[in-house]
Amino acid sequence: MAIERTFSILKPDATRRNLTGKINAKFEDAGLSIVAQRRIQMTTAQAESFYGVHRERGFFRDLVTFMTSGPVVVQVLEGENAVLANREIMGATNPANAAAGTIRKEFAESIEANSVHGSDSAENAAIEIAYFFAGCDIPG
């Protein structure tokens, strides 16, 4: 098994409802370590750039508006097969389709306000981590 890092965002719906500790406990209980973490207020420019891959989609403007509507927690998770582990812990994007015990099943308010974002590949994890963290921000 490979130790790897992945990227996670606790979205505005989660921070607004003070779910940061409960969500992070799920990551840690599943064997992932939080090796870097920061609470930020994402700017419109940051959100537009970060979610740029979705720019031509109908939901893009709503996504940017939502992600800038309140503070988020950006973080780096580390552990065995962290990308896949994180995706399993998060659950399906649509909370109605998420498995019992997953973050989105327990905490999401809707498909958009689904409490968490996670990288979908090791390659994207590296890009997303570098977007919010300098190498010196992450120990080890």
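Below: a short report on this structure. Please read all numbers here as calculations on a predicted model, not as lab measurements. (Residues numbered from 1 in each chain as written. Predicted model: local features only at pLDDT ≥ 70, side-chain atom pairs only at ≥ 80, totals over all residues. Heavy atoms only, no water.)

**Comments concerning the pattern of salt bridges**
- For the coordinates displayed, the defined rule picks out 6 salt bridges.
- Measuring nitrogen to oxygen at the nearest pair gives 2.8 Å for the salt bridge that ties glutamate 78 to arginine 5. Of the two residues, glutamate 78 sits in strand S3 (residues 72–80) while arginine 5 sits in strand S1 (residues 3–10), which places them 73 residues apart along the sequence.
- You can call glutamate 78 partly exposed: its relative accessible area is 24%.
- A relative accessible area of 27% places arginine 5 in the partly exposed class.
- Glutamate 109 is the partner of arginine 17 in a salt bridge, and the nearest nitrogen-oxygen pair spans 3.4 Å. Here glutamate 109 lies in the loop between helix H6 (103–107) and strand S4 (116–118) and arginine 17 lies in the loop between helix H1 (12–16) and helix H2 (20–29), a separation of 92 residues in the sequence.
- Look at arginine 17 and you get partly exposed, because its relative accessible area is 29%.
- One continuous salt-bridge network, built from bridges that share partners, spans Asp13, Arg16, Arg17 and Glu109. (Salt bridge = Lys/Arg side-chain N within 4 Å of Asp/Glu carboxyl O. Helix = DSSP H or I, 4+ residues; strand = E, 2+ residues; numbered from the N terminus. Buried < 20%, exposed > 50% of the residue type's maximum accessible area, 1.4 Å probe, protein only.)

**Focus: the packing of aromatic side chains**
- In the structure shown here, the tally under the stated rule is 6 aromatic pairs.
- Relative to phenylalanine 132, the ring of phenylalanine 7 has its centre 5.5 Å away and its plane inclined at 0 degrees; by these criteria the two rings are stacked. With phenylalanine 7 in strand S1 and phenylalanine 132 in helix H7 (residues 122–132), this residue pair connects regions lying 125 residues apart in the sequence. Side by side, phenylalanine 7 and phenylalanine 132 carry an identical accessibility label, which is buried.
- Ring plane angle 55 degrees and centroid distance 5.3 Å describe the contact between phenylalanine 50 and phenylalanine 132, whose orientation is recorded as tilted. (Phe/Tyr/Trp six-rings, centres within 6.5 Å; stacked < 30°, edge-to-face > 60°.)

Purely geometric numbers; function is a separate question.
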